[in-house]
Amino acid sequence: MRSSTLKWIVLSATLLAAIVVTVQLYWLKKVYSFEQRQFNLNVVKSIRGLFEDLEMNDQPGTRLNDLIDAPDNNYFSFKADTIPPKDSLVFYIQDEFADFGVLTDCKLGAYSAADKKFIYEEYISAPASRYATAKPAMKELPVFDNARKTDHILLYFPHRQEYVLGQMDFWIVSTVILFLALIGLAASLFYFYRQKFLSEIQKDFVNNFTHEFKTPLAVMKIASDVLSQESIVQQPDRLERYAAIIHNQTDHLQGQVERLLRAASTESNNLPIRKEDIDPHLLIEQALGKVQPLIEQKKAKIEVKEAAVNGHARVQADKAHLELAVVNLLENALKYSNDPHIVVETGREEDDFFISVKDNGVGIEKQYLKNIFKKFYRVPTGDIHNVKGFGLGLNFVKRIIDAHKGKIRVNSLPGIGTEFRLFIPLN
């Protein structure tokens, strides 16, 4: 299974998990609303039973809705034409609460409109109450404007929210377990996807490594067999040609080994650089000289556009590393172009000096641009051996420019070409 397929599986699983979480939160909210309504209903039933137990209403035919009011979330108020004795009210309200399952603390107060105050108050702790009573018991009961002109009984439930949430223990615990399970699943999928991705990178690297070394070694083996023949001494032209083949293949392998060793020995993103005053135009000439055999082989057209910065351009940079960065870009431009036309340009942009390498090659799809500087990453082409390489060149270029506190800008159009522009701070 390729990582791209696994990626879609991970995305689908993420979407499914999001749907499950949304549905669970929806039902949790529905249960919370139901418990709140159930609490209100149980309190109203308890008050109705209280009216049946005590003679508090001079007009028995009055509707219960006209007698009960909920001025705030934690408060219930009901009219009392006759305020009963404190002991009787406390006894019967406890009995009604027990019957209808209102098992949380309550503070009640009997308000007299004539006296304009609560004539008595009482804090009622529920059986096996888990809440501290000191603070709610000391709290002064408010007088709401809509009930100020009538005698009434006020019920205050200081721990209503905790009680309602306590009724939802099963739902809350199951939701937490579900969330933890989904987080664990997401972490496992991400880890598996990452390992799969790294495994594919390693596999592609080994394939490219094998292909990159296999062909030159095979050519060197054939050439060495020819050179070991006794008759080769009498054929100087042939001897020189096969010796040149071995020499070129050896240089090629040596260069690849140096790249691998350089990448392995500089795992840190911060390369050790030694800045000096250099002529970037001379550096470009030297870089072109190093890829001259490849230029001749590909019959490439090279165009150099130089621009001076304050007269003659001088830049503070590590000559060896910056030259290597330019060589890497030139090699890529040559490798990925069928009929190479490469434009190397220098100039100044704000406070930076730039070196641009533009080609007319295959270009890079926009979706791959964000990954091209990653180690061992190679843009998919349908054939991983189509162009030789390990996916180390651009990674090393990026680290060289980062070490100079510079930046890289990439512009590419598939089928048109690619431009890499390296910026080196002048200050």
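Refer to the structure printed above.
In this report, we go over the structure that sits alongside the text.

Quick notes on the rules
Residues numbered from 1 in each chain as written. Predicted model: local features only at pLDDT ≥ 70, side-chain atom pairs only at ≥ 80, totals over all residues. Heavy atoms only, no water. Helix = DSSP H or I, 4+ residues; strand = E, 2+ residues; numbered from the N terminus. Buried < 20%, exposed > 50% of the residue type's maximum accessible area, 1.4 Å probe, protein only. Contact = heavy atoms within 4.5 Å. Areas by Shrake-Rupley, 256 points an atom, 1.4 Å probe, with all protein chains shown as cover. Axes fitted to C-alpha atoms, helices over the stretch in contact; angles between N-to-C directions. Left-handed = near helix turned anticlockwise from the far one by under 90°. Patch = residues over 30% accessible without salt bridge, like charges linked within 9 Å, V, L, I, M, F, W, Y side chains within 5 Å. Salt bridge = Lys/Arg side-chain N within 4 Å of Asp/Glu carboxyl O. Lys, Arg positive; Asp, Glu negative; His and termini not counted. Charge placed at Lys NZ, Arg CZ, Asp CG, Glu CD. Arc of directions from axis to C-beta. Pairing = 2+ DSSP bridges. Core = buried A, V, L, I, M, F, W, Y, C linked by side-chain atoms within 4.5 Å. Polar contact = N/O pair within 3.5 Å; in protein donor to acceptor, adjacent residues only side chain to side chain. Phe/Tyr/Trp six-rings, centres within 6.5 Å; stacked < 30°, edge-to-face > 60°. Parallel < 35°, antiparallel > 145°, perpendicular 65-115°, else oblique. Nonpolar A, V, L, I, M, F, W, Y, C, P; charged D, E, K, R; others polar.

Here we take up the overall build of the protein chain. Counting its regular elements, the protein chain contains 11 helices and 12 strands. Per-residue burial over the protein chain gives 38% buried out of 427 residues. Of the contacts formed within the protein chain by residues at least 6 apart in sequence, a portion of 73% connects residues at least 24 apart. Accessible surface for the protein chain amounts to roughly 25000 Å². Of this, 56% is attributable to carbon and sulfur atoms.

It is the contact of helix α10 (residues 319–335) with helix α11 (residues 393–403), at a shortest axis distance of 9 Å, that shows an interaxial angle of 145 degrees. For the crossing formed where α10 meets α11, the hand is left-handed. Together, H321, L322, L324, A325, N328, L329 and N332 of α10 and G393, L394, F396, V397, I400 and I401 of α11 make up the contact between the two elements.

Let us look at a negative patch on the surface. A surface patch of negative charge is lined by E52, D53, D95 and D99. Elements represented by at least two residues in the negative patch include exactly α1 (3–53) and α3 (86–100).

Regarding helix α5 (residues 160–167), the residues found buried are R160, Y163, V164 and G166. Angularly, the buried residues of α5 cover 160 degrees about the axis, an arc narrow enough to put them on a single face.

Here the focus is the sheet that holds strand β2 (residues 75–79). Hydrogen bonds between backbone groups are what pair the strands of a sheet, and the pairing can be parallel or antiparallel. Taken in spatial order, the 5 strands make up an open sheet running β1-β2-β5-β3-β4, and their pairing is antiparallel. With partners counted over all chains shown, the strands left at the sheet margins are β1 (68–72) and β4 (117–124), one partner each. Between one strand and the next, the sheet's axes are offset by a mean angle of 20 degrees, whatever the strand orientation. Alignment of β1 against β2, held across 3 bridges, turns out to be antiparallel.

In this structure, H159 sits in the loop between β5 (152–156) and α5. For H159 and D105, which are 54 residues apart along the polypeptide, the C-alpha to C-alpha distance reads 6.8 Å.

Moving on, we come to the nonpolar core. Counting residues in each nonpolar core, the largest one holds 37 residues, and the members touching the most others are L322, L330, I408 and F420. Looking at this core, the elements that each hand over two or more residues are α8 (280–290), β8 (315–317), α10, β9 (341–349), β10 (352–358), α11, β11 (407–413) and β12 (417–425). Ranked by the residues each element gives to this core, the list is headed by α10, at 9 residues. The residues contacting I408, other than those within four sequence positions of it, are F373, V397, K398, I401, F420, R421 and L422.

With that out of the way, let us pick up the sheet that holds strand β7 (residues 301–305). Across the sheet, 5 strands lie side by side as β7-β9-β10-β12-β11; this open sheet has mixed pairing. Of all the strands in the sheet, the pair left with one neighbour each is β7 and β11. Direction aside, neighbouring strands of the sheet carry axes that sit 15 degrees apart on average. Direction of pairing for β7 relative to β9: parallel, over a ladder of 5 bridges. Considered in β9, the bridge of E303 is made with V343.

This brings us to the side chain of S356. Note that S356 resides in strand β10. In this structure S356 comes out as buried when scored by relative accessible area, which is 1%. One polar contact links S356 to E419, side chain to side chain, over a distance of 2.6 Å. When neighbours within four sequence positions are excluded, S356 is seen to be in contact with V343, V344, E345, E419, F420 and R421.

Moving on: the packing of aromatic side chains. For the structure shown, the criterion picks out 13 aromatic pairs. On the basis of an interplanar angle of 80 degrees and a centroid distance of 6.2 Å, the ring pair of F170 and W171 is categorised as edge-to-face.

What follows is about the packing of α8 against α10. It is the contact of α8 with α10, at a shortest axis distance of 9 Å, that shows an interaxial angle of 50 degrees. Judged by the inter-axis angle, α8 sits oblique to α10. Read as a crossing pair, α8 and α10 show a hand that is right-handed. On α10, the residues that touch L283, Q286, A287, L288 and K290 of α8 are K319, L322, E323, V326, V327 and L330. The residue inventory of the contact of α8 with α10, partitioned by class, reads 7 nonpolar, 1 polar and 3 charged.

Another point: unusual backbone geometry. Although it is not a glycine, K299 adopts a positive phi angle of roughly 50 degrees. Among the secondary structure elements, K299 is positioned in the loop between α9 (292–298) and β7. Judged by its relative accessible area of 71%, K299 falls in the exposed class. Look at E350: it is not a glycine, yet its phi comes out positive at around 55 degrees. As for its position among the elements, E350 is in the loop between β9 and β10. By relative accessible area, E350 is classed as exposed at 69%.

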